[in-house]
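Next come the chains, spelled out residue by residue.
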Amino acid sequence: MAYQESAQAFVRALRAPADPPAPGDPPKIDIASAAWHAEFFYVPRKAEIVFEWCLTRILKEGMRESAATPVLDVRYWELLHETLLSANTVRPKGDSLSNTWLRPLLNRIPLLPVVLSLLSNAPNLSLREREEIYLQSSRLLALTWSLASPKFTVDTLLECFGAVLSALEAERAEYTASSGLAAITALVTTSLHTALFNSMNKKKLTQTFTKSHLGTWLHLLSGEDTHTAVIDLGVDLLFNADTLKQIAESPRDSPLFEALRAHTSTSQLYVLSVLPRLMAAFTQAVKRRRSLFASGSSSSADVRALALSFFSACEEILQSVGTEDARVWRSRRDLLRVVEAEFLFDVGQEDTTVLLKEIAEDSIKCLISTEGGSLQVALQCLCALSCIDHDLVEPFTSRILSGFLHIPQSRCDVALIEPAHEFLSLALSYHSKTRTLPLHISRLAESCTLAPSHPSYTAVKASYDDLVASPTLVVDHLDKLSKAVRSFITPGQTLETARKMTSVLQDLWEAFRHAESAAASDHGQGVRKKRRTSEGTEKAAGRDAHPHAVTLALTARIVAVVLSSLPLHSVTEPVQADVRATVAEFMESFAHEAIVSSIDAVTAGVKDRRRDVWAAQVVAAVALRLRYILPGPLHLQLDPSGSNGLEELLSGLTTADDCLPEFRIEIFRYLMQRRGHDRSQQALFDAALGFLEANLPASESASVSWSGRSAQLNSGKDGVAFAAVALLRLILDRNIEGFNAFASSAQHERLMTAHGLSLSAVVHECLHSANFWEQGNIRSSLFDVLNAKTAFLDAVDAKLSTSKSAKKRASAEISAERAEEALKAYTILLYAPSEYLQKNTRNDFLRRAVVLDLLLGLDIIVSWHGALPAVRTFLARTFSSLNSWEHQTGGVYLHHLITSQAPASAEQATEDLIRGHLSVALRAASHGSSDVIVDTIRLCRKRLSGAQPALKEPEAPIGACARQLMEIAVADFPVSSFSQDILDHLSSLLERVVELFHPAIQRLVSHEDEILDYSHALVLWSRAITFGRYLGSSDAPLPGLGARALQTIVPLLPTWDPADARCLGLAVAVHAILTSELQILTEESEREIHLQRIIVAYIIFANFLEPAERHDLDDTIKKLFRTLSPSEFASCLQLALEPLSSSDVSAGTGACLIHLMSTALHDAPENTLKVTQAHVKDCLEIFSNTAELCDSPTVRLPMLSFINSLCSKRPASVQPQNVVSIWVVLSRSLAGSRDHDPETSTDVFHVVISILSALVRLRRDLVVITLPHLSGVIRQLVSALRSPRPLLGAKQHAIVADSLPAWINPSHPLGVEQSKDLARLLTTLSTKTLIRVHGPSAELQKPESLARPLSKHVAYILQAYLDVLNDPLCILAADVRRELLPGLFVLCEMLNEHARDALMVSLLDAGGKAAMKALWREYEKQRYVGKG
């Protein structure tokens, strides 16, 4: 290589005019790179030469539009970066590189044109190449930017910022994000921001930015990507001090709005979504520089006026686009929300008021229109206007409420319902505050009127249900209206409201009667009146009675809510009497007349089928609904004679065929309320039951789809089915007590069979109700029905075999239909409390359930195999509640459970049944009756003698039986309780299990990809190991499999999902194998090694699983600890303790180790008191000496729980030297911290309180000698109840936050429950208790408290509370203080006068003294002074 012969040749090659320098030579970049990497080749100032050549080459040839341009060649950027890194590395200490060759070089060669060339050309590359070039260039720019930035001009920086915007837009178009580009963006925006701040001509920069780069910046601003620095810089360019005045003087004529109008005129409508963000930014900028615009005493008014002028200019742009585009409405909504959030509107701003009212008018037009997709946003605009000032929409409220009826039901989805409910709530809140609810109620009633222009006017019968479902009439709004009327109607408005409501309904009733008479005349009935033929269609439509009936029905719903909620308790008795008289007079006239008229119409309709009586029945249903609702809340006394007459008339319609279902249900509800508690009215129950039996749907679809609206109860097929569901709910929910008491037994039975034992929604809710099961007559009838449905099973031979002849006999005795009824009966029995089943009935159901389970295994009812879980769940639950599993067919049924395959939903019940029956069989075998257990063992061996086990499938019943047989025998029966014959059979079963499973499991633990699916096989193997040791059999499995399985599993854990149930099962199974193998080992050394393996496996599995999923793993380790010798137990504790003292242990592992030690101490073997005491001492020393344990959120709570378990459950083992460590841990856990957890952990607070309470109650002797520590911890607890005041500055908030513990998030302070807990602890300080210690001294002590010794330290605890109250940066919520008072009173009781005076004089300032006096006054009020 000739160019490496000398430094001169190398420099000459780089400066050659051609590239390569000569034909056949490599490119110059390769020459420079090779020379740089050649350590043997010496060139003076090599780094400077190479760096200058590369940068100059990029600068000169960077603007070429070619992929080969050096600015897009990664090699140039890598070489530049390497030269700088090497130069920085070899510089002598204290000799800055910037003071030698780099700074002068960057002064000669401008860096910004290079960056501009890079950003302009990089978007032409592929995605991978672009990311690489951005990353490499950003690494170099990060090193050189600070040295080159002083020479940057603001104009060049602005041009570079425009290139950054274009690059970001290109990245956004391809849905990518480059970290290198983000770093370059940060460098450019920071420098331009600084230059803009120092620039003297900001207006010119703003004009350039607006003219050249505004469109790109707006496009970025309209997206969801958050380029915060870019957006903030654009805001500063647009709204700096020089440009704000220009925009403020005339926003419409400013360059910004001219540019915005230009973009919208060219169909770039993305600008519309940017307007709200621009307005928010402008408002904040004006607020920051409000001194520029202050023209009088109030600068806030000027700020609001300027911001609203900006809003007006934005609204002009939206109006120029038109209201058809949904984006216009969304932008308008967001602009209004900015006005609301910034509190910009003022009543005195007339121009803005007119503009906002125009927006409200447009929103109402959109609401009433049935076309367009902007209805939701228009409603949200109305809500925003209401939040700004409800007076803006108050004149339009009537039209808005009427517009809710124009919303078609198909468009009434959640997106529309939510803003409609929000507007109704806002209107209700406004009128409640202004005490003008009567006006709002009148508007609600008027909004229910159907005008002839309404879309549903001509088809009102079909639209009735849609109208009832409008937002105004939904239950949520009516409930809010009821609460508002009850709370905010003034006494002076009560009577007038009642009169107004009754008058409205009376007028609607008169209009309906007039329309009904006119309609009857048109159909040739009644008196005909001559009319001119020129009468318009509007008058003809006015003679239709249907719209008037629906209007009356809709209005009556509002009226019923208002009248029933009137606050009669707040008015005088004469006013109450006037209200009742007004409503009663209306009810006597309207209700009676409407019902009688409807009865006459129904009767006439039966004779004349052409007559439409739908409207009359709707009105009658309204009248009955009012008679049902109003008398109770208003305590009305209606005319008994009139009521009796109505009841007689209505009774005749309960069985009428042409009665509208809605009217029929109201009749039943009214009559059951009036006569449901009368034994003579069984005819009413007969009519109701007849309707149910004829129309109640057999499926559950009707009960699910019915919304509960009475308007759905029409004359169609679905309406009649809905009515039957409504009637069933009426009986089972509202009138069940009366039906239970006064209906006959036959009627009770008819009710129980009316629903065909199907679990519809109504029946399901009823069976979950305690009130239903407390009705003795209905309950007995239900059990009688269920007993009758299952009685046929008594005739079936329970000892069914699997032979073909038995199947044929069973097929002849039972049908699938009867089996279906029996299965439904047992499904219902699952809901019945076992206490209500009598002994004989329960035994019958049990016996029949066993027979039915046996029958389910036959082919005749295989289609009902899915109902098996209900039968077996009933059996398992009932047997368990009786605590007895014995019955006559136990052996047959056990064999059936073993040989039948249960569905997944019945696995747990099947396992419980097998376990219970096996316990009975083993108990019988221990008493000499071995037939059942021997047959069971033979059956297991026979089934296990088949093909190789399908280990990957779910555990079969035969495997579950073998596993449970081994578990029960080992746990509950000594081996000596069985005869030799039984032991031989058990040994043969073990031999068969080992023979069958051992080869398969040996292969299993070697296959990493399959082991996750075989947890049940590994569990069975662990039981076989334990069972072999139990029997002392020579066929017991040898140890070693657990270690191999563990070795296979551990590398796979990072790839598994902890939420997968298979992982939990496998972890428990492998750990069970390890603990079972320990029982086989006898050598001490082998046991020690294996014990270490068990502890390590537990830590690994516990660290992998979630804390809530470790229950089964904990059960295994608990059983192990109880069987260890003291030396082995001490070895386990030491093994778990050693890693805690190491700084390398992870937080998760530390938490698992602490949990393991807590479990070990709780289940320690006998004769280990000294071991546990020594271990506790070592643990507490590590806790107190390792600050990282208290700082870790993962370890903190387990560590405190360990101490709490020690103090609460083993207080006698706590030694004096332990207490000091406990105080250190508690104090450190409550100390202030600069870092805080994302969520406040209230559990830490409660655990600390529990520790202190246990020490005070149970080890007072240790607390007495460390009282200063106790008082110090209590002071920290009191201080932890604080929270920062709202609207604090950053530094002030940090002062308070740093004084709170790490587990308290300042944004979520402690609350009332924690204050109660602390008050209970303070109360415990004065409670007399006994000390829990070992030895005879425990019997000689007498109860004492800490009141006297603690009296010297109480003042300091009270001082902490007073300091919290007196802290200007903190608050202690009123409810927190109130709950803490009982504990503070206990402290005041301990405080003597001398200590109180010393506290007042020396420890408190003026605010503290005032707070102390207030506390003492409260204490004096409640203190007992011995006077009764």
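Chains are numbered independently. Their residues run from 1 in the order of the written sequence. In keeping with the model being predicted, local features are shown solely for residues with a pLDDT of at least 70 and side-chain atom pairs are shown and tallied solely at 80 or more, while totals for entire chains, interfaces and linings include all residues. Only heavy atoms go into the side-chain values, all of them from the structure, while hydrogens and water stay out.

**Topic: the overall build of the protein**
Let me state the cut-off plainly: Think of it this way: any DSSP run of H or I at least four residues long counts as a helix, any run of E at least two long counts as a strand, and we number them from the N terminus. Burial here depends on accessible area, computed with a 1.4 Å probe over protein chains only, as a share of the maximum for the residue type. Under 20% is buried, over 50% is exposed, and the range in between is partly exposed. Pairs of residues are marked as contacts when any of their non-hydrogen atoms sit within 4.5 Å. Accessible surface is estimated by sampling points in the Shrake-Rupley manner with a 1.4 Å probe; for residues, cover comes only from the protein chains shown.
When helices and strands are counted, the protein shows 71 helices and two strands. For the protein, the residues scored as buried account for 52% of the 1428 residues in total. A fraction of 77% describes how many contacts in the protein between residues 6 or more apart in sequence connect residues 24 or more apart. As presented, the protein carries roughly 64300 Å² of accessible surface, and 51% of it is formed by carbon and sulfur atoms.

**Notes on helix 27 (residues 545-564)**
Worth spelling out the cut-off: Take the number of residues in a helix, subtract one, and multiply by 1.5 Å to get its expected span.
With 20 residues, helix 27 ought to run about 28 Å at 1.5 Å a step, and its terminal C-alpha atoms sit 28 Å apart, in line with that. Most of helix 27 is tucked away, with 18 of its 20 residues classed as buried.

**Comments concerning the pattern of salt bridges**
Side-chain pairing between opposite charges can occur once the charged atoms of the two side chains come close. As a reminder, the rule being used: Salt bridges are defined as contacts in which a side-chain nitrogen from Lys or Arg sits within 4 Å of a carboxyl oxygen from Asp or Glu.
Considering all chains together, one arrives at 41 salt bridges under this definition. Salt-bridge contacts for Arg963 lead to Glu911; the nearest nitrogen and oxygen are separated by 3.2 Å. On the criterion of sequence distance, the pair formed by Arg963 in helix 48 (residues 957-972) and Glu911 in helix 46 (residues 907-926) is long-range, its members being 52 residues apart. By relative accessible area, Glu911 is classed as partly exposed at 24%. One salt bridge in this structure joins Asp1261 and Arg1259, with 3.1 Å as the shortest N-O distance. The class for Asp1261 is partly exposed, based on a relative accessible area of 27%. Arg1259 gets classed as buried once you look at its relative accessible area, which sits at 5%.

**Concerning the environment of Asn771**
Counted only if it meets this: Definition of a polar contact: a pair of N or O atoms within 3.5 Å, with one able to donate and the other able to accept a hydrogen when the atoms are protein atoms, and with sequence-neighbouring residues admitted only if both atoms are side-chain atoms.
Residue placement: Asn771 occurs in helix 39 (residues 770-773). Counting along the chain gives 35 residues from Asn771 to Ile736, while the straight-line C-alpha distance between them is 8.6 Å. Apart from residues lying up to four places away in sequence, Asn771 is in contact with Ile736 and Glu737. A distance of 3.0 Å separates the side chain of Asn771 from the side chain of Gln775, its partner in a polar contact.

**Some thoughts on the environment of Arg669**
Note on placement: Arg669 falls in helix 32 (residues 661-675). Distance in space between the C-alpha atoms of Arg669 and Ile731 is 8.9 Å, their sequence separation being 62 residues. In this structure Arg669 touches Arg625, Tyr628 and Leu730, once residues within four positions along its chain are discounted. Within the structure, the side chain of Arg669 is placed 3.0 Å from the side chain of Glu666, a separation counted as a polar contact.

**Observations concerning the packing of aromatic side chains**
Short version of the rule: Centres within 6.5 Å make a pair out of two Phe, Tyr or Trp rings, where for Trp the six-membered ring is used; the pair is then stacked when the planes are under 30 degrees apart, edge-to-face when over 60, and tilted otherwise.
Going through the model one piece at a time under the given rule, you end up with 28 aromatic pairs. Consider the rings of Trp53 and Tyr76, whose centres lie 5.8 Å apart with planes at 25°: the pair is stacked. Residue Trp53 is located in helix 3 (residues 46-61), and its partner Tyr76 is located in helix 4 (residues 74-90); the two are separated by 23 residues in the primary sequence. Aromatic pair Phe685 and Phe739: ring centres 5.0 Å apart, planes at 65°, arrangement edge-to-face. Of this pair, Phe685 sits in helix 33 (residues 682-695) while Phe739 sits in helix 36 (residues 736-742), placing them 54 residues apart in sequence. Take Phe685 and Phe739: they sit in the same class, and that class is buried.

**Regarding the side chain of Glu1128**
Mapping Glu1128 onto the fold places it in helix 55 (residues 1126-1137). Here Arg1087 takes part through its side chain, which lies 2.7 Å from a polar atom of the side chain of Glu1128. Setting aside residues no more than four positions away along its own chain, Glu1128 makes contact with Arg1087 and Leu1091.

**So, the nonpolar core**
Note the following rule: Among the buried residues, those of types Ala, Val, Leu, Ile, Met, Phe, Trp, Tyr and Cys that are joined through side-chain atoms within 4.5 Å form a nonpolar core.
Core analysis: the biggest nonpolar cluster contains 456 residues, and Trp217, Phe239, Phe1183 and Leu1270 have the highest contact counts within it. No other element matches the 13 residues that helix 27 contributes to this core. Those residues in contact with Leu1270, other than ones at most four positions away along the chain, are Trp1223, Leu1252, Val1256, Val1263, Leu1325, Leu1346 and Leu1350.

**A word on a negative patch on the surface**
Here is the rule we go by: Without a salt bridge and with relative accessible area above 30%, a residue can belong to a patch; like charges are then joined within 9 Å and nonpolar side chains (Val, Leu, Ile, Met, Phe, Trp, Tyr) within 5 Å. Counted charges follow a simple rule, with Lys and Arg positive, Asp and Glu negative, and His plus the chain ends left uncounted. For charged residues, the charge sits on one atom: NZ in Lys, CZ in Arg, CG in Asp, CD in Glu.
A cluster of like negative charges, contributed by Glu1188, Asp1191, Asp1235 and Asp1298, occupies part of the molecular surface. Here Asp1298 lies in helix 64 (residues 1290-1298).

**Topic: the packing of helix 53 (residues 1084-1104) against helix 55**
The cut-off we apply is this: Axis definition: a line fitted to C-alpha atoms, over the contacting stretch in the case of helices. Angles run 0 to 180 degrees between N-to-C directions. Should an angle fall under 35 degrees it is taken as roughly parallel, and over 145 as roughly antiparallel, whereas 65 to 115 is taken as roughly perpendicular and any remaining angle as oblique. Working rule for handedness: look at the near helix, and if it is turned counterclockwise from the far one by less than a right angle, call the crossing left-handed; if clockwise, right-handed. Classification convention: Asp, Glu, Lys, Arg as charged; Ala, Val, Leu, Ile, Met, Phe, Trp, Tyr, Cys, Pro as nonpolar; all other residues, Gly among them, as polar.
At their nearest, the axes of helix 53 and helix 55 sit 10 Å apart, and the two run at 40° to each other. Judged by the inter-axis angle, helix 53 sits oblique to helix 55. The chirality of how helix 53 crosses helix 55 is right-handed. Across the interface between the two elements, Arg1087, Glu1088, Leu1091, Gln1092 and Ile1095 from helix 53 touch Glu1128, Ser1131, Cys1132 and Leu1135 from helix 55. Here the residues of the contact of helix 53 with helix 55 sort into four nonpolar, two polar and three charged.

**A word on helix 11 (residues 214-221)**
Of all the eight residues making up helix 11, seven are buried; the element is thus mostly covered by neighbouring parts of the structure. Taken together, the buried positions of helix 11 are occupied by Leu214, Gly215, Thr216, Trp217, Leu218, Leu220 and Leu221. For helix 11, the elements touching its buried residues are helix 8 (154-173), helix 10 (202-212), helix 12 (228-238), helix 14 (255-265) and helix 15 (275-288).

**What about unusual backbone geometry?**
Despite not being glycine, Phe343 has its phi angle at roughly 55°, a positive value. As for its position among the elements, Phe343 is in the loop between helix 17 (326-341) and helix 18 (350-368). Even without a glycine there, the phi angle at Asn883 is positive, about 60°. Its place among the elements puts Asn883 in the loop between helix 44 (868-882) and helix 45 (890-899). The class for Asn883 is exposed, based on a relative accessible area of 68%.

**Side note on the packing of helix 57 (residues 1169-1185) against helix 59 (residues 1193-1209)**
Contact pair helix 57 / helix 59: the axes reach a minimum separation of 12 Å and the direction vectors enclose 145°. Considering how the two elements wind past one another, helix 57 and helix 59 form a crossing that is left-handed. On the side of helix 57, the interface is formed by Val1176, Cys1179, Leu1180 and Phe1183, while helix 59 contributes Met1199, Phe1202, Ile1203 and Leu1206. Residue composition of the contact of helix 57 with helix 59, grouped by class: eight nonpolar, no polar and no charged.

**Structural notes on the environment of Ile29**
Mapped onto the secondary structure, Ile29 falls in helix 2 (residues 28-37). Residue Ile29 is classed as buried on the basis of its relative accessible area of 3%. For the pair Ile29 and Leu14, spaced 15 residues apart in sequence, the C-alpha to C-alpha distance is 8.6 Å. Not counting residues up to four positions away in its chain, the partners in contact with Ile29 are Trp53, Arg75, Tyr76 and Leu79.

**Thoughts on the side chain of Ser432**
Within the fold, Ser432 resides in helix 21 (residues 414-433). Owing to a relative accessible area of 6%, Ser432 belongs among the buried residues under this scheme. A distance of 2.7 Å separates a polar atom in the side chain of Ser432 from the backbone oxygen of Leu428. Not counting chain neighbours up to four residues away, the residues in contact with Ser432 comprise Leu437, Ala484 and Phe488.

**A short note on the state of the cysteines**
The cut-off we apply is this: Only a pair of cysteine sulfur atoms within 2.5 Å qualifies as a disulfide here.
A full pass over the atoms with the stated rule returns zero disulfides. For the unlinked cysteine Cys387, the closest cysteine sulfur is that of Cys383, found at 6.8 Å. For Cys387, a relative accessible area of 31% translates into the label partly exposed.

None of the figures reported here should be taken as evidence of function without further support.
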